[in-house]
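So the chains spell out like this:
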Amino acid sequence: KFVSPKSSPLGSVWRKWDIHFHTPSSYEYGQKAASNQEIVDGLVKTGVEVVAITDHHRIDTARIKELQRLGGAKLTVLPGIEFRSELGGSTSVHFIGIFPESVDVVDLWTKLSGKLNITEADIAKQGDDKIYCQFVQTAKIIRELGGLVSVHAGKKSNSIEELKNSDYIKQIIKKDLVRDCIDIYEVGDVADIESYVKNVFPNLDRPIPLILCSDNHDSRNYTVKCPLWIKGDKTFEALRQTLFEPFARVQVANEK
């Protein structure tokens with residue numbers, strides 16, 4: 001029986017993931033001269049086996065394709081994109097779309113940028129730091145195109161917890177967003193995880209995966225507060241499976 005190089009014949013195993021990672025295609029990246037080979041080598045050296053490239057308001061199709069080629073069987077590269085939303089006022093809530101490694105990335109970006117009016121020309125005209133995408137509409141499009149939606153949460157900057165409403169109204173809004181738009185919470189600190197399990201999830205319809213990522217903007221200085229481990233193959237489908245088993249398949253810990 002053929003076994004994909006990204007699948008394990010041993011069954012589900014714990015692997016280190018980072019699904020919020022930037023490249024020089026993001027406008028505020030620290031080392032613009034960093035090469036794709038350097039990025040892949042750096043991630044592999046740290047033990048990361050799956051990465052989502054989540055540059056701001058763009059999917060650099062040429063870069064994604066080269067990173068996937070360079071990653072080969074060692075590193076699965078998922079296309080992704082980070083958005084600034086209209087929610088949260090001056091501390092705009094940020095959220096991310098993550099897509100399968102097998103997607104036609106050119107077709108994906110053509111459809112996504114066209115539906116959201118975030119072409120390179122749009123970004124150049126408005127300025128990357130001024131681009132906003134409507135949360136609910138964008139989340140719906142991400143899902144229609146086969147992706148998952150992750151949102152900043154907890155004490156992470158640009159968190160959904162910064163919604164400027166009364167506690168009661170904020171609770172209703174969050175519940176609706178989790179039901180209709182959000183698949184994953186990306187927290188900013190390990191301590192956020194216990195708080196969500198004890199205080200937030202009882203007020204929601206369901207628990208959802210809680211992840212911690214690097215949000216790296218300089219591959220030459222890669223750090224993460226605590227590694228993210230996902231139990232499964234090195235594929236987007238393993239990430240999708242965490243939605244059904246958020247506690248059994250997701251851990252934030254120094255070692256597994």
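Below: a short report on this structure. What you are looking at is a predicted structure, and each value in this text was computed from that prediction instead of being measured. (Residues numbered from 1 in each chain as written. Predicted model: local features only at pLDDT ≥ 70, side-chain atom pairs only at ≥ 80, totals over all residues. Heavy atoms only, no water.)

## Description of the nonpolar core
The cut-off we apply is this: Take the buried residues of types Ala, Val, Leu, Ile, Met, Phe, Trp, Tyr and Cys, join any two whose side-chain atoms come within 4.5 Å, and each joined set is a nonpolar core. With a 1.4 Å probe rolled over the protein chains alone, any residue whose accessible area is under 20% of its type maximum counts as buried; one over 50% counts as exposed, and the rest are partly exposed. Contacts: residue pairs with any heavy atoms within 4.5 Å of one another.
Ranked by size, the top nonpolar core spans 71 residues in total, and within it Ile 19, Ile 160, Ile 182 and Tyr 185 carry the most contacts. Those residues in contact with Ile 182 that lie beyond four places of it in its chain are Phe 135, Arg 143, Val 149, Val 151, Ile 160, Leu 177, Arg 206 and Ile 208.

## Here's the deal with the sheet that holds strand 7 (residues 210-211)
Selection criterion: DSSP calls a pair of strands paired once it identifies at least 2 bridges connecting them. Here a strand is any run of E in DSSP of at least two residues, a helix any run of H or I of at least four, and the numbering for each starts at the N terminus. Note on geometry: axes are lines fitted to C-alpha atoms, helical ones only across the stretch in contact, with angles between N-to-C directions running from 0 to 180 degrees.
A sheet is described by the order of its strands in space; here nine strands give the open sequence 7-6-5-4-3-2-1-8-9, paired in mixed fashion. Looking at strand neighbours, the two that pair on one side only are strand 7 and strand 9 (250-252), the edges of this open sheet. With three bridges joining them, strand 8 (residues 228-231) and strand 9 adopt antiparallel strand pairing. Looking at the pairing, Ile 230 lines up with Val 250 of strand 9. Contacting strand 1 (14-21) and strand 2 (48-53), helix 1 (residues 36-46) runs over the sheet at an angle of about 135° to strand 2. Strands strand 2 and strand 3 (76-84) of the sheet are contacted by helix 2 (residues 61-71), whose axis makes an angle of about 150° with strand 3.

## Some details on the pattern of salt bridges
To be explicit about the condition: We define a salt bridge as a side-chain nitrogen of Lys or Arg found within 4 Å of a carboxyl oxygen belonging to Asp or Glu.
The final tally for this structure, using the stated rule, is 16 salt bridges. Put simply, Glu 49 and Lys 234 hold a salt bridge, and the shortest N to O gap is 3.9 Å. Highlighted residues: Glu 49 in strand 2 and Lys 234 in the loop between strand 8 and helix 8 (236-241), separated in sequence by 185 residues. Given a relative accessible area of 22%, Glu 49 falls into the partly exposed group. Residue Lys 234 is classed as buried on the basis of its relative accessible area of 5%. Residue Glu 237 pairs with Arg 240 through a salt bridge whose shortest N-O separation is 3.7 Å.

## Let's talk about the side chain of Ser 219
In this structure, Ser 219 sits in the loop between strand 7 and strand 8. Residue contacts for Ser 219: discarding those within four places in its chain leaves Phe 21, Tyr 29, Ala 34 and Ile 39.

## Considerations on the side chain of His 94
Turning to its location among the elements, His 94 is positioned in strand 4 (residues 94-98). On the accessibility criterion, His 94 (9% relative accessible area) is buried. Once residues within four sequence positions are removed from consideration, His 94 is found in contact with Glu 82, Phe 83, Arg 84, Val 151, His 152 and Asn 158.

## What about the environment of Asn 36?
Assignment of secondary structure puts Asn 36 in helix 1. On the basis of relative accessible area, Asn 36 is assigned to the buried category, the value being 11%. With sequence-adjacent residues up to four places away left out, Asn 36 is seen in contact with Arg 63, Glu 66, Leu 67 and Leu 70.

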